[in-house]
Every structure is written in C-alpha cells, then in structure tokens.
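# Per-entry structural report
Listed here are the chains, written in short residue letters.
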Amino acid sequence: ANEILRTEVLSRLQKGEEGLCVVTYPDALAEKVVSRKELGENTLKLHAGERVDMNFVTDVLRSYGFEYVDYVYEPGQYSVRGGIVDVFSFSESKPYRLDFFGDEVDSIRRFNISSQLSADKLERVEIIPDLNTAVQSAARVSLARFAGADAAFWFYDADYVLRRVNDVRRR
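Since the model is a prediction, treat every value here as computed from it, not as a measurement.

## Things to note about the side chain of Asp 130
With respect to the helices, strands and loops of the structure, Asp 130 is situated in the loop between strand E9 (124-127) and helix H5 (131-134). One buried charge, Asp 130, has no salt-bridge partner; the nearest side chain with opposite charge is Arg 6, at 7.3 Å. Setting aside its immediate chain neighbours within four residues, Asp 130 contacts Glu 3 and Phe 90.

Okay, structure coming up:
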C-alpha cells in the first residue's frame, strides 16, 4: 500500500497538479526517489483512440517487470484476454482495462478487482512499474528535489524533522 501511495504522489507531482497537498512523515522525506527524468522514461502513457499494437503494450509491461497472470488482483500484474489487456499500475488503487479494436485503444476503464466489472471510463492512462525494481540503477534524488523549487513545506517542528531526516540518512 505504501509503495502505491508513494508512486501515486510522485506521478501527481510529475504532472504538476495544482493545489496538491502531500502529508507525510519525516522518514518518508529522508527516502530517495527516482528522478523526474527516470519516472518519465518508465511510464507507459496511452489514450483512447491511440493507434498502438497490443503486443507492443504487453512487451513494455514485461520489460517493466509486470507479471503475466490469468486475473489481475495486485499492482505489477497484467492479463490478456482477446483484445483486452488488464493492467494494475503501481500508481493507482484500481487496475485498468484497455480494450483494443485492432491496433487502436478503443476504451480505457478502471475496474473492480472482486467483480471484474468496469467502473469509470478514462480518456488517458499512465502505467507506472514498481520504481524500486524497474529502475534500480537510476540515480535517486530527495523528495524535495523531485518536488521542485515551487514546492512549499510546512512543519510543526522543523528541528525534529531535520534531525530525523539526518538520522535516517546516516543509517
């Protein structure tokens, strides 16, 4: 669950969502994350109506370390049934169902794991792998550097936070 939340936060920071507020704890601030460049290079972006070969999509998912399964039920998995690719990104709490018509993404939907029924329809999707395994060799940066110069930080006890961050980094 923490992995999904962390990846979702990085993804939303990458998009530059206006008014985004991230609440976290000092230990999380001390963890290094992938750079914006690495995140961008390891994100599969698709939109409804896009012409893309389904085999290309599954090849990219395999290269990202996604596991092929019969039914998707946790992040890092994908399945293929006919012209449908189900995939569970590490940046979402629900998996995606990509419906292909030939070499075109006909529709994109989120779906419920237990019922396997489609939920909301989406125009675009960003599929992100497990950033800890997919980009292990990448240079890591602090969350503050990833967030950028325009980010604002509020602390109840800044001295405590800085001490805790330094303690975690020393370990």
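Anyway, onward from the coordinates.
## Considering the pairing of strand E7 (residues 104-111)
Bridge analysis of strand E6 (residues 96-101) against E7 gives 6 bridges, and the strand direction is antiparallel. Of the residues in E7, the one forming a bridge with Asp 99 is Ser 107. Between E6 and E7, which pair antiparallel and follow one another directly, the connecting turn spans 2 residues, one of which, Gly 102, has a positive phi of 70°. The pairing of E7 with strand E8 (residues 118-122) spans 3 bridges and is antiparallel. Residue Ile 108 lies in a different strand from E8, and its bridge partner there is Leu 122. Counting the residues that bridge the hairpin from E7 to E8 gives 6 residues, and of these Gln 116 lies at a positive phi of roughly 65°.

## Thoughts on empty space enclosed by the protein
Overall, the coordinates contain 1 cavity of 30 Å³ or more when judged by the stated rule. Considered as a void within the structure, the largest cavity measures approximately 70 Å³ in volume. Elements with a minimum of two residues in the lining of the largest cavity: helix H1 (2-15), strand E1 (32-34) and H5. With 4 residues, the top contributor of residues to the lining of the largest cavity is H1. Here the lining of the largest cavity is composed, by residue class, of 4 nonpolar, 2 polar and 4 charged.

## Some points on the side chain of Ser 79
As for its position among the elements, Ser 79 is in strand E4 (residues 77-81). Within the structure, the side chain of Ser 79 is placed 3.2 Å from the side chain of Arg 81, a separation counted as a polar contact.

Cut-offs applied
Residues numbered from 1 in each chain as written. Predicted model: local features only at pLDDT ≥ 70, side-chain atom pairs only at ≥ 80, totals over all residues. Heavy atoms only, no water. Helix = DSSP H or I, 4+ residues; strand = E, 2+ residues; numbered from the N terminus. Buried < 20%, exposed > 50% of the residue type's maximum accessible area, 1.4 Å probe, protein only. Lys, Arg positive; Asp, Glu negative; His and termini not counted. Salt bridge = Lys/Arg side-chain N within 4 Å of Asp/Glu carboxyl O. Contact = heavy atoms within 4.5 Å. Pairing = 2+ DSSP bridges. 1 Å grid on protein atoms, 1.4 Å probe; cavity = no way out; pocket = protein on both sides within 12 Å on 5 of 7 lines; lining within 4 Å. Points joined across faces, edges and corners; volume = space filled by probe spheres on them. Nonpolar A, V, L, I, M, F, W, Y, C, P; charged D, E, K, R; others polar. Polar contact = N/O pair within 3.5 Å; in protein donor to acceptor, adjacent residues only side chain to side chain.

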